[in-house]
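Below are the chains, spelled out letter by letter.
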Amino acid sequence: QGECYILTVKIIGFLFVTVGGSMFGRYIWERYMLRVKVLEEWQRMLIEINGEINYSAQSMSQICRQMSKTSVYGKKFWDGIAKKTEERNAGLPGEFWREHLREYRYIELLSNEDKEIICQFGESFGTLDICSQINEIELFEKRLEKNLSDARQKMVEQKKICIVMGVISGMMTGICLL
């Protein structure tokens, strides 16, 4: 009866470790999914900024405040940009964009190319006349759309791989512990 109890505990432990491994695989895959969501938000922000510049006569700090209100992943980032812009008497966000981008919570999820697109946008944000600014934002939208498409494809490709590798690693760990 003691051996049966020990075997039951080992099997339950093995199952826990296997489930833990699969949850780790899912966690890794969710990071791919979160990158897609963050890029989608940046794309939406570019569209909103384009609209604000095109149809309203708001200052850069007001536009940043508006982005802060609608942002899910970058509220703190846009608040910081708005405050800094206000402190510098309608200064340009590009002057301190990179500094705030380093503090952006989701920056580690983005690829180097994603980061570069966002940095280049920020450095030119508010520095051009309205027509040129709108054209430049549309250019950044197209570049970001390409990266977003690649991120979506990678997310789909990696889903099964991450979960299966998590299950396999959990099972191997469980076997080693038996």
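Engineer: Talk me through helix 3 (residues 75-87); I want residue IDs and the actual numbers.
Structural biologist: Its 13 residues place the ends of helix 3 18 Å apart at the C-alpha level, agreeing with the 18 Å of an ideal helix rising 1.5 Å per residue. Listed in full, the buried residues belonging to helix 3 are Phe77, Trp78, Gly80, Ile81, Ala82 and Thr85. Looking at the buried residues of helix 3, the elements they touch are helix 1 (2-55), helix 2 (60-70) and helix 4 (97-102).

Engineer: Please give an account of the pattern of salt bridges that cites residues and values.
Structural biologist: Per the stated rule, a full pass over the model turns up 11 salt bridges. In this structure, glutamate 40 and arginine 152 form a salt bridge, with 2.9 Å as the shortest nitrogen-oxygen distance. A residue pair is termed long-range when its members are at least 10 positions apart, and glutamate 40 in helix 1 and arginine 152 in helix 6 (residues 130-177) qualify at 112 residues. Overall, glutamate 40 belongs to the partly exposed group, its relative accessible area being 31%. Judged by its relative accessible area of 32%, arginine 152 falls in the partly exposed class. Among the salt bridges present, the one from arginine 44 reaches glutamate 41, with a minimum N-O distance of 3.6 Å. In this pair, arginine 44 and glutamate 41 both sit in helix 1, three residues apart, roughly one turn of the helix. Given the relative accessible area of 6%, glutamate 41 is considered buried. Several salt bridges converge on common partners, so that one network encompasses Arg65, Lys75, Asp79 and Glu86.

Engineer: Describe in detail the nonpolar core, supporting the description with residues and values.
Structural biologist: Grouped together as the largest cluster of nonpolar side chains are 39 residues, with contacts concentrated most on Trp42, Ile49, Trp78, Trp97, Leu101, Tyr104 and Phe125. Considering each element in turn, this core owes the most residues, nine residues, to helix 1.

Engineer: Account for the environment of isoleucine 53, with residues named and values stated.
Structural biologist: With respect to the secondary-structure elements, isoleucine 53 resides in helix 1. Along the sequence, isoleucine 53 and methionine 165 sit 112 residues apart, while their C-alpha atoms lie 47 Å from each other. When residues no more than four places from it in sequence are discounted, the contact partners of isoleucine 53 are Ile63, Phe125, Ile130, Gln133, Ile134 and Ile137.

Engineer: Account for the packing of aromatic side chains, naming residues and giving values.
Structural biologist: Within the structure shown, the criterion is met by 15 aromatic pairs. On the basis of an interplanar angle of 85 degrees and a centroid distance of 5.1 Å, the ring pair of tyrosine 73 and tyrosine 106 is categorised as edge-to-face. One end of the pair, tyrosine 73, is in the loop between helix 2 and helix 3; the other, tyrosine 106, is in the loop between helix 4 and helix 5 (112-124), and 33 residues separate them in sequence. One exposure class covers both tyrosine 73 and tyrosine 106, and it is buried. Taken together through their ring pairs, the aromatic side chains of Trp42, Tyr73, Phe77, Trp78, Trp97, Tyr104, Tyr106, Phe121, Phe125 and Phe140 make up a single cluster. Just above the ring of tryptophan 29 sits the side chain of lysine 159; from NZ or CZ to the centre is 5.0 Å.

Engineer: So what about the packing of helix 5 against helix 6? Which residues, and what values?
Structural biologist: Running from N to C, helix 5 and helix 6 cross one another at 170 degrees; their axes reach a closest spacing of 10 Å. Here helix 5 is positioned roughly antiparallel relative to helix 6, judged by the angle of their axes. Listed contacts from helix 6 to Glu113, Asp114, Ile117, Gln120, Phe121 and Ser124 of helix 5 are Gln133, Glu136, Ile137, Phe140, Arg143, Leu144 and Asn147. For the contact of helix 5 with helix 6, the class distribution of residues is five nonpolar, four polar and four charged.

About the criteria used
Residues numbered from 1 in each chain as written. Predicted model: local features only at pLDDT ≥ 70, side-chain atom pairs only at ≥ 80, totals over all residues. Heavy atoms only, no water. Helix = DSSP H or I, 4+ residues; strand = E, 2+ residues; numbered from the N terminus. Expected span 1.5 Å × (residues − 1). Buried < 20%, exposed > 50% of the residue type's maximum accessible area, 1.4 Å probe, protein only. Contact = heavy atoms within 4.5 Å. Salt bridge = Lys/Arg side-chain N within 4 Å of Asp/Glu carboxyl O. Core = buried A, V, L, I, M, F, W, Y, C linked by side-chain atoms within 4.5 Å. Phe/Tyr/Trp six-rings, centres within 6.5 Å; stacked < 30°, edge-to-face > 60°. Lys NZ or Arg CZ within 6 Å of the ring centre and 35° of its normal. Axes fitted to C-alpha atoms, helices over the stretch in contact; angles between N-to-C directions. Parallel < 35°, antiparallel > 145°, perpendicular 65-115°, else oblique. Nonpolar A, V, L, I, M, F, W, Y, C, P; charged D, E, K, R; others polar.

In short, geometric facts, not functional conclusions.
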